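These are the residues of each chain, in order.
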Amino acid sequence: MKELPEKKYPLEGVKVLEMGSLIAGPFSTRILADFGAEVIKIELPKKGDQIRSWRVLHEGTSLWWYVQSRNKKTISLDCRTEEGMEITKKLLKECDVLVENFRPGTIAKWGLTSEVLKEINPKLITCHISGYGQDGPYKDRAGFGAIGEAMGGLRYLTGYPDHPPTRVGISIGDSVASLYSVIGVLMALYHRDVNNGDGQSIDVSLFESIFSLMEGLLPEYDAAGVKRERTGSSMPGIAPSNIYKAKDGKYVVIAANGDNIFQRLLKVIGRNDLIGDERYITNEKRVANVEFIDGIIQHWTSQHSLKECVDILNDNGIPAGAIYSIEDIVEDPQYKARNMIVEAPHPELGTLKVPGIVPKLSDTPGEIKWLGAKDIGAFNNQVLKDIGLTDDQIQQLYEKGII
């Protein structure tokens, strides 16, 4: 029998040290770990990452934790102590990347200034994630994702015009910053390893990450004096694109804003009398008549169940979809076909459904090797022995409360 080649991962051989907590830093390293990077996550002894106790718990541990820390080697280490910092420096000598999401200047106070990091490892790539960035008048402020979403312009646009701004429903500010940090790390690795460059520092702020998503918000204001406002479920300047209530009380999203698509929609909803009507032939003209258009679409959806709406519209090439809850997601065949609902082994639950891996690579796909370890410091012995510590030295660190 022909021996199969050993599976390779795109980030195999890349070693990452995570000095972070909660969402932004840990989410970015989770993505790196999914694709083969060896990620060592540092937590405080006894306390651990705060996300361990967030939201829904199972026997004292957050179910979110198992996802956020999958594929990572979690160790406990008090970096604020002299001995803890020495161990951190030993780890950094062997690492390609450091990811941290403390307030600017925190790791420098512990002894990891940019000069020290460069001296330890000139090829090290350091990714700093913070609320406001590493400089500027706000750099010392505490910055959580909610603040980044507010300052970046997203919260102002989210909700209905006659209600206060609302949140998206997840910590989108942290998550977007995490994605930018991954992009930054990959670009820096490419520059270092392909272009024969040195290590460098990456500065990702939460508010800038959100602001970068704001489409034409700034040029519209600058050149036309337009201040975009909350519009609820509709898309300003694009028609029709909205949510509509079905006969069974559920909601369908219909995005028929393409000129040809809208003509097909008119036929589907039985309004052949409007096909080719100059008042609705272009997006600009439809925007001027959006209330009437939304009304005739709503009249049609109210006569059909959600499933009927989605099936009929998609069968006719009109973009439409149900608004999914997690219950809908788990049962959806597309999620299953795309391996986005993965059942991973769990020591207490047997298996735990967790989100699959994005993006999908044809030749070097990522993999969920293990879920986050429940015990704080689960990989202490393995990681510390790898950098040369003996069993006696490790035991002494335990006794001193450093690990």
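The shown structure was predicted, so the numbers you read here are calculated from the model rather than taken from an experiment.

Chemist: Explain the nonpolar core to me, please; I cannot follow it from the model alone.
Modeler: One broad trend across soluble globular proteins is that nonpolar side chains are buried collectively. With 37 residues, the main nonpolar core has Val 16, Val 97, Ile 129 and Val 354 as its most contacted residues. For this core, the secondary-structure elements that each account for two or more residues are helix H1 (24-34), helix H2 (63-68), strand S6 (97-100), strand S7 (125-130), helix H8 (172-193), strand S8 (201-205), strand S12 (341-346) and strand S13 (350-355). Beyond its immediate sequence surroundings of up to four residues, Val 16 is in contact with Thr 29, Leu 32, Ala 37, Glu 38, Val 39, Ile 40, Cys 95, Val 97 and Val 99.

Chemist: Please clarify how unusual backbone geometry should be interpreted in this entry.
Modeler: With omega at -10°, the peptide bond leading from Ala 239 into Pro 240 counts as cis. Mapped onto the secondary structure, Pro 240 falls in the loop between helix H10 (217-224) and strand S9 (241-245). Look at the link from Val 358 to Pro 359: it is a cis peptide, with omega at 0°. Relative to the elements of secondary structure, Pro 359 occurs in the loop between S13 and helix H17 (380-386). The residue Lys 46 is not glycine, and still its phi comes out positive at about 70°. Inspection of the secondary structure assignment puts Lys 46 in the loop between strand S2 (38-43) and strand S3 (57-58). Its identity as a non-glycine residue notwithstanding, Asn 339 has a phi of 55°, on the positive side. If you trace the backbone, Asn 339 turns up in the loop between helix H16 (333-337) and S12.

Chemist: How should the sheet that holds S6 be read in this particular structure?
Modeler: By definition, the strands of a sheet pair up through backbone hydrogen bonds, in either a parallel or an antiparallel sense. If you walk across this open sheet you meet the 6 strands as S5-S2-S1-S6-S7-S8, and the pairing is parallel. Pairing within the sheet leaves two strands with one partner each, and these edge strands are strand S5 (72-76) and S8. When strand polarity is set aside, the average angle formed by the axes of neighbouring strands in this sheet is 20°. Bridge count between S7 and S8: 5 bridges; the pairing is parallel. Paired with Thr 126 across the strands is Ser 201, a residue of S8. The sheet strands contacting helix H3 (residues 82-93) are strand S1 (15-19), S2, S5 and S6, and the helix crosses S1 at an angle near 150°. Each of S6, S7 and S8 is contacted by H8, which is oriented at about 165° to S7, the strand it contacts most.

Chemist: Could you clarify how one ought to interpret the pattern of salt bridges in this entry?
Modeler: A side chain of one charge can pair with a side chain of the opposite charge when the charged atoms of the two come close. Following the criterion strictly, the structure yields 27 salt bridges and no others. The shortest N-O distance in the salt bridge between Asp 198 and Lys 123 comes to 3.7 Å. One end of the pair, Asp 198, is in the loop between H8 and S8; the other, Lys 123, is in the loop between helix H5 (114-120) and S7, with 75 residues separating them in the sequence. Salt bridges sharing common partners tie together Glu 18, Lys 41, Asp 49 and Lys 72.

Chemist: What should I look at first to understand the packing of H1 against H8 in this one?
Modeler: The packing of two helices is summarised by the inter-axis angle and the distance between the axes. Where H1 meets H8, the axes come as close as 8 Å, and the angle between the chain directions of the two elements is 50°. Relative to H8, the element H1 lies oblique. Of the two elements, H1 crosses H8, and the hand of that crossing is right-handed. Of H8, the residues touching H1 (which contributes Ala 24, Phe 27, Ser 28, Ile 31 and Leu 32) are Asp 174, Ser 175, Ser 178, Leu 179, Ser 181, Val 182, Val 185 and Leu 186. Looking at side-chain class alone, the contact of H1 with H8 contains 8 nonpolar, 4 polar and 1 charged residues.

Chemist: Explanation requested: the layout of surface pockets in the structure shown.
Modeler: Over the atoms a probe the size of a water molecule is rolled, and this reveals where empty space is left. Taken as a whole, the largest pocket holds about 1400 Å³ of empty space. Along the walls of the largest pocket sit 37 residues, with Arg 30, Trp 64, Val 67, Ile 170 and Pro 355 positioned nearest its centre. Of all the secondary-structure elements, those providing two or more residues to the lining of the largest pocket are H1, H2, H8, helix H15 (326-331) and S13. Here the residues of the lining of the largest pocket are counted per class, giving 24 nonpolar, 7 polar and 6 charged. Of the voids in this model, the second largest pocket is the one considered here, and its volume is about 830 Å³. Looking at the lining of the second largest pocket, the elements that each hand over two or more residues are S2, helix H4 (106-110), S7 and helix H6 (145-151). When the residues that make up the lining of the second largest pocket are grouped by side-chain class, the tally is 18 nonpolar, 11 polar and 12 charged.

Chemist: Even after reading the chapter, I still don't get the environment of Lys 385, so can you show me in this structure?
Modeler: In this fold, Lys 385 is placed in helix H17. Apart from residues no more than four positions distant in its own chain, Lys 385 is found in contact with Asp 391 and Ile 394.

Chemist: Mind showing me how you'd approach the pairing of S9 here?
Modeler: One face of the sheet, then the other: side chains in a regular strand alternate in exactly this way. Here S9 runs beside strand S10 (residues 251-255); their pairing, made up of 5 bridges, is antiparallel. Within the sheet, the bridge partner assigned to Lys 245 lies in S10 and is Tyr 251.

The rules behind the values
Residues numbered from 1 in each chain as written. Predicted model: local features only at pLDDT ≥ 70, side-chain atom pairs only at ≥ 80, totals over all residues. Heavy atoms only, no water. Core = buried A, V, L, I, M, F, W, Y, C linked by side-chain atoms within 4.5 Å. Buried < 20%, exposed > 50% of the residue type's maximum accessible area, 1.4 Å probe, protein only. Helix = DSSP H or I, 4+ residues; strand = E, 2+ residues; numbered from the N terminus. Contact = heavy atoms within 4.5 Å. Pairing = 2+ DSSP bridges. Axes fitted to C-alpha atoms, helices over the stretch in contact; angles between N-to-C directions. Salt bridge = Lys/Arg side-chain N within 4 Å of Asp/Glu carboxyl O. Parallel < 35°, antiparallel > 145°, perpendicular 65-115°, else oblique. Left-handed = near helix turned anticlockwise from the far one by under 90°. Nonpolar A, V, L, I, M, F, W, Y, C, P; charged D, E, K, R; others polar. 1 Å grid on protein atoms, 1.4 Å probe; cavity = no way out; pocket = protein on both sides within 12 Å on 5 of 7 lines; lining within 4 Å. Points joined across faces, edges and corners; volume = space filled by probe spheres on them.

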